[in-house]
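These are the residues of each chain, in order.
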Amino acid sequence: MTVHLHWFLPTGGDGRTLVDRHAYTDGGIKRERITPVSGVRAPDIEYLAQIAKAAEQLGFEAVLTPTGTWCEDAWLTTVALAQHTERLKFLVAFRPGVISPVLAAQMAATYQRITRGRLLLNVVTGGDSTEQRRFGDRLDHDRRYARTDEFLSVVRGVWQGPPFDFDGEHFQVEGGLTALPPDPLPEIFFGGSSAAAGPVAARHTDVYLTWGEPPEAVKEKIDWIRGLAEAEGRTVRFGIRLHSISRDSSAEAWRTADRLLDDLDPETVAAAQQALGKSESVGQQRMLALHGGSRDKLEIAPNLWAGVGLVRGGAGTALVGSHAEVADRIEEYHALGVEHFVLSGYPHLEEAYWFGEGVIPELAGRGLLPRVPASPLLGVPAANGRPSSAPGGAPLLVAGGR
């Protein structure tokens, strides 16, 4: 079982800090922050294409996009980026409560044909009632998961080809179909830590995603979902969502992590924790419990740092260390049954290179990856007396006005 590596597309903006890294900080509510502040990179197609191209060249299989009112639409953004890449897949996040399941099935089928099979789906049921109401969704937490269950039943039914009927509490469909079913069928990624989420994952998910908790907690989740899936006669694979700070030395990586905290004053952390504490998401509450809002003991397991979660919702932990140490932790999670690693870092362009040029060769050397992407300079003849191992064969630059 090899490892599948995925990166992240910051479609809400990017930057070198955990604070003010979004171009649309207020979610577009007051329209006061639609222009990036200093140091924040707007999520325009040119910058996102840089990240997508880097991820493809470095050997990542796919990139995840977020969903919400604070970022660009994932479907439209990624289908545009597909025109800038050749092999990279797109893990498109979307909310099942704001779109017809038959339309979603049709969109996925069209997407697969346009991109020649590069779509993966990340189903986000939603854990923030305020955000859900912005989309017109007023269901409570457990009923949202019940609706997701029906939604995915319809999507998979429509993908079978013949007209599909469904009569549920949330959806009633007569003769649902799409012109041509997608080929191949997109894999469905899904996450949720609540009792309401588990059965949905067991019935419909190809890959169950968890946020980055310590290995023993991840193992408990894997055992839980695996047991539910076996009862349904299904097999589910597993993935984990983490940030990454990988450097040539452990000390350098930890210095980088510390710098990310430099801009976080106590008031900023307290405000973020208060807002995140209102989330209905069980997974979010588990993230908050890892650090309790305190900067003390943020290394909650070897090389697993909870500092990101002081101000960021969702995935709040990072793998921090030397390239070999980060590879060790990935190997540890892999031994538990985790195949898919969805990673990110600040800024996403630079951190993709740190991970891709540092950790990916480590993983390949351990047999966890099928190959390391070949350098575009591999095989270029050496020149001017340079050794054959030197990249390319360009002449050495010398002083003298040239």
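As shown above, the structure is provided for reference.
The rules behind these values
- Residues numbered from 1 in each chain as written.
- Predicted model: local features only at pLDDT ≥ 70, side-chain atom pairs only at ≥ 80, totals over all residues.
- Heavy atoms only, no water.
- Helix = DSSP H or I, 4+ residues; strand = E, 2+ residues; numbered from the N terminus.
- Buried < 20%, exposed > 50% of the residue type's maximum accessible area, 1.4 Å probe, protein only.
- Areas by Shrake-Rupley, 256 points an atom, 1.4 Å probe, with all protein chains shown as cover.
- Core = buried A, V, L, I, M, F, W, Y, C linked by side-chain atoms within 4.5 Å.
- Pairing = 2+ DSSP bridges.
- Phe/Tyr/Trp six-rings, centres within 6.5 Å; stacked < 30°, edge-to-face > 60°.
- Expected span 1.5 Å × (residues − 1).
- Contact = heavy atoms within 4.5 Å.
- Polar contact = N/O pair within 3.5 Å; in protein donor to acceptor, adjacent residues only side chain to side chain.

Draft legend 1. Highlighting the overall build of the chain. Secondary structure assignment for the chain yields 12 helices and 15 strands. Split into buried and exposed, the 402 residues of the chain put 53% on the buried side. As displayed, the chain offers around 17,900 Å² of accessible surface, 52% of which is attributable to carbon and sulfur atoms.

Draft legend 2. Quick look at the nonpolar core. One finds L5 and F355 to be the most contacted residues of the largest nonpolar core, which totals 75 residues. In this structure, L260, L261, L264 and V311 belong to the second largest nonpolar core, which totals 19 residues.

Draft legend 3. Summary view of the pairing of strand 14 (residues 318-322). The element strand 14 is largely enclosed, with a buried count of 5 among its 5 residues. As defined by bridge partners, strand 11 (residues 237-247) adjoins strand 14 across 5 bridges and the pair is classed as parallel. Along strand 14, the bridge assignment pairs I245 with V320. Here strand 13 (residues 304-305) runs beside strand 14; their pairing, made up of 2 bridges, is antiparallel. Counted as the bridge partner of W305 is A318 from strand 14.

Draft legend 4. Spatial organisation of the environment of A146. Mapped onto the secondary structure, A146 falls in helix 5 (residues 141-159). With relative accessibility at 36%, the residue A146 sits in the partly exposed group. A sequence separation of 50 residues divides A146 from A196, and the C-alpha atoms of the two residues are 7.6 Å apart.

Draft legend 5. A look at the packing of aromatic side chains. Enumeration according to the criterion identifies 9 aromatic pairs in this entry. Between the aromatic rings of Y145 and F190, the centroid separation amounts to 6.1 Å while the plane-to-plane angle is 80°, which identifies the pairing as edge-to-face. On the criterion of sequence distance, the pair formed by Y145 in helix 5 and F190 in strand 9 (residues 188-191) is long-range, its members being 45 residues apart. Relative to F171, the ring of F151 has its centre 6.0 Å away and its plane inclined at 65°; by these criteria the two rings are edge-to-face. Of this pair, F151 sits in helix 5 while F171 sits in the loop between strand 7 (164-167) and strand 8 (172-176), placing them 20 residues apart in sequence. Here F151 matches F171 in class, with each residue buried. Through pairs of rings, three or more aromatic residues link up here, namely W75, F94, Y111, F151 and F171.

Draft legend 6. Broad picture of helix 3 (residues 101-115). In a regular helix each residue adds 1.5 Å, so 15 residues correspond to 21 Å; helix 3 covers 21 Å between its end C-alpha atoms and thus fits that length. When helix 3 is considered as a whole, its buried residues turn out to be P101, V102, A104, A105, A108, A109, Y111, Q112 and T115. The elements touched by buried residues of helix 3 are helix 2 (74-81), strand 5 (89-94), strand 6 (119-123), helix 5 and strand 8. One side-chain oxygen at the N-terminal end of helix 3 lies 3.2 Å from the backbone nitrogen of V102; it belongs to S100. Trailing helix 3 by a residue or two, R116 shows a phi angle of about 60°, which is positive.

Draft legend 7. Fine view of the side chain of E351. As for its placement among the helices and strands, E351 is situated in helix 12 (residues 348-365). A distance of 2.7 Å separates polar atoms of two side chains, one belonging to E351 and the other to R247. If we skip the residues at most four places from it in the chain, E351 touches W7, S244, I245, S246, R247, G345 and Y346.

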